[in-house]
Amino acid sequence: MNETYDVVVGGSGMGGSTTATILANEGLDVLLIEAGTHPRFTIGEALLPQSSMWMWIVGEYFGVPEVQNLSDVNSVIDEITHSCGIKHSIGFTYHERDRPFSGEYGHQLIPPSLPFYSEGHFVREHVDHYLVRTATDYGATYVDETRITDVEISDDEVTVVTDRGTTTAEFFVDATGSNSVLAEKLGYRENAPELETDSRAIFTHVEGLEPFDDLLADENLPNQSNRLHDGTLHHVFDGGWMWIIPFDNFDRSKATNASVGLVLDRTKYPLDESMSAEEEFYQIVSAFPDVERHLEPVEAVRPWTRTRRLQRALGRSSGHRHYLTNNTYGFVDPLYSHGLINTFESIFLSTTLLLEAFEDEDFSAERFERIDELHRKQLLDADFTIATAYKAMGDFEVWNAWTQMWLGQILFHDLYIQRHCFKYFASERLDEFDRLLEETCPGERAPFVAEKVEMYRTIGDALDAYVADEIPPAEAAEAILEELRCAKWLPKHVYEWGDERARHVDFSDPELVGALLEWGMTDSPTHIREGLFDFDVPEMT
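Heads up: these notes are all about the structure in this document. Computed from a predicted model, the values in this text were never measured in an experiment.

Helix and strand content of the chain: 17 helices and 21 strands. Scaling as 2.2 N^0.38, a compact globule of 541 residues should have a C-alpha radius of gyration of about 24 Å, and the chain matches this with 23 Å. With respect to the three principal axes, the spread of C-alpha positions in the chain is 65 × 60 × 50 Å. Classification of the 541 residues of the chain by burial places 59% in the buried group. Within the chain, contacts between residues separated by at least 24 positions form 73% of all contacts whose residues are at least 6 apart in sequence. Summed over all atoms, the accessible surface of the chain reaches about 21,000 Å², with 44% contributed by carbon and sulfur. For the chain, the centre of its 42 positive side-chain charges and the centre of its 98 negative side-chain charges are spaced 3 Å apart.

Here it is as structure tokens:
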């Protein structure tokens, strides 16, 4: 490797490699340093519509079509790996101890047949390796098995010390994750926000997983256009949840395995070190008969991983001649799959700011303060949502009401980001996406956000009272449902928000999507119509 570069990127996960690719494509001399080697195992395997949208936006905005390949499951198979599942369903099945699953305790969302809703399940070792190769194809220099031992930042340059030598650069991007040498050196672990979520995980990859749908009687099935197995399934119970992410549920995939992980509230499930990770996993699962039955035929095909507390945060993530990626700054919990959305939101903003800094030859700390604002808001928003979900898991009535709330806000946030894509398709002007750069966090200016925030405040108060045993679960559930019934920004003819009997919604039905769009463009409140549905309706496939 050379002695001098424009930018050194430490860490070659999705954030680091994509950043290196963009910078190299813009003509900068980039060094990408990896402490380990690829391919390597990691989690963060399930996409959401917004993840796909952001991958597409980043690829389009910076002229890197290889990144856009991540946004569509067929492109992943064609260009990246033959091992990739589909995510054409988001399912939640709620389980009570020592009782079989009842279909009344399930929820399923089927996404629409619109652009960016062809989401995937990533075998991350293949996807991450692809992104490293992409970075080198665009001209970045890549070295692995190279550990960063020190980073010195002066007024005029950055010096990166590794166990293989020393390199200088104009700028350092820290994508090294939780063990950041720079964060430790600069005292960034101080003044970090305190996170309410308190969870740990046990996970592995398995062979032999059968669809959960096949285990259920007809009356317990959602009976929609897709199976629960055709996407990410969440088994939920008081104090935790389990992800089921199959990689073999796509007819074009050659994979035969699945990702399985148990995530636990540490106050209800403290770590039991008297057992191995596998023993503890199955000891917990044994309390839920149909979850145990679902996992009975599987065999682990990689070592079990058991974590301590997942949550971590730093006090800041940028300064003179450096910034940290969002995953180096902090992490909450994999529930609701925020991680990849946050990663690509962060890439979009941070690389834009860095390229502007190179144009102006100004790398002062002030130029990058917006990265701190973004990362802090991402982290705190995720913490509130996930901590609230854990509170709701204590009783199905409460969980049912909360899940309706989550469904409404995620649907409309998806539409807000997709609206910018539709406007770009109509205008062919990249500056349609610049409006997203004007927000502290993309989506904060969506026209329903003020009402959502007020609703969250009321719901949060009700759940806090429920957790403190000040009100019964039925009262907490009713408080949430009443908020949903009164919300004018939620179209009740599309999904019966606020009705305790509402469970599933199948947006693969063009008539249902058409009803949503017609309401949005004609009958929705004025601020929703003008700020969310002001785009040309695309043809649905």
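Next up on the list: helix α12 (residues 396–427). With 32 residues, α12 should reach 46 Å at 1.5 Å per residue; the first-to-last C-alpha distance of 46 Å fits that figure. The buried fraction of α12 amounts to 27 of the 32 residues, a majority that puts the element mostly inside the structure. Once α12 finishes, glutamate 428 follows within two positions and takes phi at roughly 60°, a positive value.

Tracing the backbone shows tyrosine 456 in helix α14 (residues 449–467). Along the chain, tyrosine 456 and lysine 87 lie 369 residues apart, while their C-alpha atoms are 28 Å from each other.

Summarising the sheet, strand β8 (residues 148–153) and strand β9 (residues 158–162) pair through five bridges and their orientation is antiparallel. Note that in β9 the partner of glutamate 152 across the bridge is threonine 159. In this structure, the hairpin formed by β8 and β9 is closed by a connection of four residues.

So, about the pattern of salt bridges. Tallied over the entire structure, the rule returns 32 salt bridges. Salt-bridge contacts for glutamate 280 lead to arginine 306; the nearest nitrogen and oxygen are separated by 2.8 Å. Here glutamate 280 is found in helix α7 (residues 277–285), whereas its partner arginine 306 is found in strand β16 (residues 305–306), with 26 residues between them in sequence. Since its relative accessible area comes to 2%, glutamate 280 is described here as buried. Arginine 306 gets classed as partly exposed once you look at its relative accessible area, which sits at 27%. Note that aspartate 499 is salt-bridged to arginine 501, the shortest N-O span being 3.0 Å. The exposure class of arginine 501 is exposed, given its relative accessible area of 65%. Salt bridges linked by common partners bring Asp150, Glu152 and Lys185 together as one network.

With that settled, the discussion passes to the nonpolar core. Among the nonpolar cores identified, the biggest contains 156 residues, and Leu70, Phe348, Leu354, Trp399, Trp402 and Phe533 are the most heavily contacted of them. Here the element with the most residues in this core is α12; it accounts for 17 residues. If we skip the residues at most four places from it in the chain, tryptophan 402 touches Tyr336, Thr385, Thr388, Ala389, Ala392, Tyr456, Ile459 and Ile480. Counting 26 residues, the second-largest nonpolar core is a separate cluster that includes Ala258, Ala287, Phe288 and Val298.

This part is about the side chain of arginine 419. Along the polypeptide, arginine 419 turns up in helix α12. The exposure class of arginine 419 is buried, given its relative accessible area of 12%. When sequence neighbours within four positions are dropped, the list of residues in contact with arginine 419 reads Gly531, Leu532, Asp534 and Phe535.

Tallied over the entire structure, the rule returns 41 aromatic pairs. Judged by centre distance (5.3 Å) and plane angle (15°), the rings of phenylalanine 448 and tryptophan 489 are stacked. Note that phenylalanine 448 is positioned in the loop between α13 (434–437) and α14 and tryptophan 489 in the loop between α15 (473–486) and β21 (505–506), a separation of 41 residues in sequence. Taken as a pair, phenylalanine 448 and tryptophan 489 share a single burial class, namely buried. Joined through ring pairs, the aromatic side chains of Trp56, Phe412, Phe422, Tyr424, Phe425, Phe433, Phe448, Trp489, Trp519, Phe533 and Phe535 make up one cluster. Lying over the aromatic face of phenylalanine 41, arginine 302 brings its terminal NZ or CZ to 3.6 Å of the ring centre.

Two quantities define a packed helix pair, namely the angle between the axes and the distance from one axis to the other. Packing of α12 against α14 leaves a shortest axis separation of 12 Å and a crossing angle of 160°. Classified by the angle their axes make, α12 and α14 are roughly antiparallel. Between α12 and α14 lies a crossing whose hand is left-handed. In this structure, α12 uses Val398, Trp402, Met405, Gln409 and His413 to contact α14, whose residues at the interface are Val449, Lys452, Met455, Tyr456, Ile459, Leu463 and Tyr466. Of the residues belonging to the contact of α12 with α14, the class tally is nine nonpolar, two polar and one charged.

Across the junction of histidine 38 and proline 39, the peptide omega takes the value 0°, indicating a cis bond. Positionally, proline 39 belongs in the loop between β2 (30–33) and α2 (49–61). Backbone geometry places aspartate 98, a non-glycine residue, at a positive phi of 60°. Residue aspartate 98 is classed as exposed on the basis of its relative accessible area, which comes to 61%. The residue serine 337 is not glycine, and still its phi comes out positive at about 55°. Within the secondary structure, serine 337 is located in the loop between β20 (330–331) and α10 (339–360).

A word on the state of the cysteines. Per the stated rule, a full pass over the model turns up zero disulfides. Lacking any disulfide linkage, cysteine 84 is separated from the closest cysteine sulfur, that of cysteine 421, by 20 Å. Cysteine cysteine 421 remains unbridged, with the sulfur of cysteine 441 as its closest cysteine sulfur at 16 Å. The class for cysteine 421 is buried, based on a relative accessible area of 0%.

Contact geometry of α2 with α12 gives a least axis separation of 10 Å together with a crossing angle of 25°. Judged on the interaxial angle alone, α12 and α2 are roughly parallel. When the axes of α2 and α12 are compared, the crossing they make is left-handed. Within the contact between the two elements, α2 uses Pro49, Gln50, Met53, Trp54, Trp56, Ile57 and Glu60 and α12 uses Ile410, His413, Asp414, Ile417, Gln418, Cys421, Tyr424 and Phe425.

The rules behind these values
Throughout, residues of each chain are indexed from 1 in the direction in which the sequence is written. Restriction of local features to residues with pLDDT of at least 70 applies here, the model being predicted, together with a cutoff of 80 or more for giving and counting side-chain atom pairs; totals for whole chains, interfaces and linings are based on all residues. With hydrogens and water stripped out, all remaining heavy atoms of the structure feed into the side-chain values. A run of H or I in DSSP counts as a helix once it spans at least four residues, and a run of E counts as a strand once it spans at least two, with each numbered from the N terminus. Put simply, the radius of gyration uses C-alpha atoms, and a globule should come to 2.2 Å times the residue count raised to 0.38. The classification of residues rests on relative accessible area computed with a 1.4 Å probe and restricted to protein chains. Under 20% of the type maximum is buried, over 50% is exposed, and intermediate values are partly exposed. By the convention used here, residues are in contact when the closest approach between their heavy atoms is within 4.5 Å. To measure how exposed things are, a 1.4 Å probe is used in the Shrake-Rupley method; for residues, cover is taken only from the protein chains shown. His is not counted, nor are the chain ends; Lys and Arg add positive charge and Asp and Glu add negative charge. Where a charge lies is defined by one atom per residue type, namely NZ (Lys), CZ (Arg), CG (Asp) and CD (Glu). Here a helix's expected span is defined as the number of its residues, less one, multiplied by 1.5 Å. Two strands form a pair only when DSSP identifies at least two bridges running between them. A pair is scored as a salt bridge if a Lys or Arg side-chain nitrogen falls within 4 Å of a carboxyl oxygen belonging to Asp or Glu. To define a nonpolar core, start from buried Ala, Val, Leu, Ile, Met, Phe, Trp, Tyr and Cys residues and group those joined through side-chain atoms within 4.5 Å. Here the aromatic set is Phe, Tyr and Trp, taking the six-membered ring for Trp, and pairing holds for ring centres within 6.5 Å; pairs whose planes are under 30 degrees apart are stacked, those over 60 apart are edge-to-face, and all others are tilted. Two thresholds decide whether a charge sits over a ring: the Lys NZ or Arg CZ must be within 6 Å of the ring centre and within 35 degrees of the ring normal. Comment: axis = line fitted to C-alpha atoms, over the contacting stretch for helices; angle = value between 0 and 180 degrees taken between N-to-C directions. Angle categories are assigned with fixed cut-offs, so that under 35 degrees is roughly parallel, over 145 is roughly antiparallel, 65 to 115 is roughly perpendicular, and the rest are oblique. Crossings are assigned a handedness: left-handed for a near helix turned anticlockwise from the far helix by less than a right angle, right-handed for a clockwise turn. The classification used treats Ala, Val, Leu, Ile, Met, Phe, Trp, Tyr, Cys and Pro as nonpolar, Asp, Glu, Lys and Arg as charged, and all other residues, Gly among them, as polar. Any cysteine sulfur atom paired with another within 2.5 Å is treated as part of a disulfide.

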